[in-house]
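Summary of the model geometry
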Amino acid sequence: MASERSLHAMQDPDKAHIAITHPGALVDPRSTSHEDISGHSSDYARPAPTRLIDCRNPNRPRIILTNGRPYVYVALSYVWGKDRPHRTTKKNLSTYMKYINPTAFSRTIRDAVYVTNKLGIGFLWTDSLCIIQDSPEDKHRELLSMRDVYRHAYLTIDAASAAKASEGFLQDRPPLDPDLVFPFICPRGAASQLPERGSLYLYYYAHSDIKTGNRGNFRTGERAWCLQETMLSTRCLVFTDSTVQVRCQTTTQNVDGVDHDPRGDVPRLPDAIFHHARPMTRYSAGWISIREAWHKIVKDYSSRRLSYRSDKLVACAGLVEMFAPVIGSVYVAGCWSDDFLLHDLLWYVSDRTSTRPTGYLAPSWSWASLEQADLGPFPDLSARTRAMVAVVRCTTTAQDDAFPHGPVTGGKLMLRAHLCRCRLKRGREGQKSEVLLGTESTQGVHDRNGLGTKYYHREDLVDTLSVQVLSYLDSDDDTFKKDLWAVPLQLVLNHHDDGDEFKGILLVPCCSHDVSKSLKEGNQTLKTFRRVGYFESRSAYDLQELGWDGEWSLETATELVIV
């Protein structure tokens, strides 16, 4: 059931006062984690971004330079869309510092100026106007401080209902058609001798995400950049399709009084990040909560869209900066070089129609190298796991040393592992592919070539590869790779009483002379590979067929590099 007020609360900008000026809209009087907007003062001023929009006179906004001084300001999180919002450029900057005609704003920014002014906060930050959009130098400099932009803002306006900047977020929100309507007779009040008749509106539970403003109606929940903008913000004022929410580090509330369903909420930063300035003890409860939080972030982030694929490691860099001090491991292109690295390598892409990007994003072993990568569930730490490889080294090369958590130009993962020759067995339409692995008895049948064993590409040899495992190719571009190798990475013993499970990745050799040349270790040139997929099996018999008798000696394993 939803109140009519909740469905009409944002019919026009004037009625936005329900959320903007109502004393209880931004503060739960029972909670000390909130601060009332109406009582903010200069005591809250924080280091400000380079530029802000002065909204104190909403009819004559202008850009100001902060010159390092602290300000109380609001930040905006929104979706640009294909119609690019009006932007600050090198040519119009000097003019905009005097005056910006509000009609030049996109509707979303115009609404943000209005809300900022009504909150009694005079300054707004938005990327399209506060960053010089045709200056690579200015963009780079501002990206380095993106974490602080949202972390230091008094609050962030989340234009969740707008699919593009031209839509705005203060538009009409017509009520939904109820599934059932019942007459409701109110008790006689003292002021009236006649009963009042009303209506009781009922909605199926399937519509609850619409009422509660969960992510199903968050346009910003589809944009990768908006994840860190929301998570880094101290508090958010969220304008959803049906209501307005206040979100802080501890809770989310609908300002119209409708109960909020927390399922589907954007992840929150774990409390341990704020309480620990030093690396936490590995496998302590706090450390595990941090790693689990990062796992959830990657799953959410990977499902979102980027207008520019090259932003893959840029749009989450602010979150990395928050996690790095407490995780205490070296960050490597979306992963951490600690005991969980093998877990992080076991991602997969369930949509085989995906294609590889034309430009370089990340090493092939990283989830950041492709769109829509899925890390699967967080590992069950109560299960007995055993590494089937040894990680020798994992490194990346930053594009800019001043931006160590940003984009990379290369990376390599060196393993000591056992390689299994394999062949892809394509599933029928709508079915998953499978891979046939070479068994212990067949691995030595053919001539050695330094990688392990070599199989000639003859169809009649497919029967010699007898261990069949489920596989996920990283991209449809890799469907017909013939020179395919498998590396079992991890064994989970008695996985949910279904038997032992082992997982690994699929590789193809790199043929690039430049790559091989760049990976010399001393006098030795290591064999180099590129990841092309993931596989898993829950059959103990499969392990025995591969020669696993409880352990594999890594002394006889092959050293290889994945790039």
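Details of the structure are given in the entry above.
Now for a description of the structure that goes with this document. Every value quoted in this text rests on a predicted model; they were computed, and no experiment measured them. (Residues numbered from 1 in each chain as written. Predicted model: local features only at pLDDT ≥ 70, side-chain atom pairs only at ≥ 80, totals over all residues. Heavy atoms only, no water.)

**Here we look at the overall build of the chain**
Summing up its helical and strand segments, the chain has 16 helices and 26 strands in all. Out of the 563 residues in the chain, the part that is buried amounts to 52%. In the chain, of all internal contacts separated by at least 6 residues, the share reaching a separation of at least 24 is 73%. Surface summary for the chain: the accessible area is close to 26,300 Å², and the carbon and sulfur share equals 49%. (Helix = DSSP H or I, 4+ residues; strand = E, 2+ residues; numbered from the N terminus. Buried < 20%, exposed > 50% of the residue type's maximum accessible area, 1.4 Å probe, protein only. Contact = heavy atoms within 4.5 Å. Areas by Shrake-Rupley, 256 points an atom, 1.4 Å probe, with all protein chains shown as cover.)

**Structural notes on helix H9 (residues 224–232)**
Most of H9 is tucked away, with 9 of its 9 residues classed as buried. The set of residues buried in H9 consists of Ala224, Trp225, Cys226, Leu227, Gln228, Glu229, Thr230, Met231 and Leu232.

**Notes on the layout of surface pockets**
Once rolled over the atoms, a probe with the size of a water molecule shows which space is left empty. Empty space within the largest pocket amounts to approximately 720 Å³. Looking at the largest pocket, it is lined by 25 residues, and the ones nearest its centre are Lys139, Leu143, Trp225, Tyr308 and Asp311. Residue assignment for the lining of the largest pocket shows that the elements contributing at least two residues are helix H6 (136–143) and H9. For the lining of the largest pocket, the leading source of residues is H6, giving 5 residues. When its residues are assigned to classes, the lining of the largest pocket shows 11 nonpolar, 5 polar and 9 charged. (1 Å grid on protein atoms, 1.4 Å probe; cavity = no way out; pocket = protein on both sides within 12 Å on 5 of 7 lines; lining within 4 Å. Points joined across faces, edges and corners; volume = space filled by probe spheres on them. Nonpolar A, V, L, I, M, F, W, Y, C, P; charged D, E, K, R; others polar.)

**A word on the pattern of salt bridges**
Evaluated as defined, the whole model comprises 20 salt bridges. Between aspartate 148 and arginine 147 there is a salt bridge; the shortest N-O distance is 3.4 Å. Between arginine 304 and aspartate 300 there is a salt bridge, with the nearest N and O atoms lying 2.7 Å from each other. Residue classification places arginine 304 among the buried positions, given a relative accessible area of 5%. (Salt bridge = Lys/Arg side-chain N within 4 Å of Asp/Glu carboxyl O.)

**Some details on the state of the cysteines**
Within this structure, the stated rule accounts for 0 disulfides. Of all cysteine sulfurs in the structure, the one in cysteine 394 sits closest to cysteine 335, which takes part in no disulfide; the separation is 7.1 Å. By relative accessible area, cysteine 335 is classed as buried at 0%. (Disulfide = S-S within 2.5 Å.)

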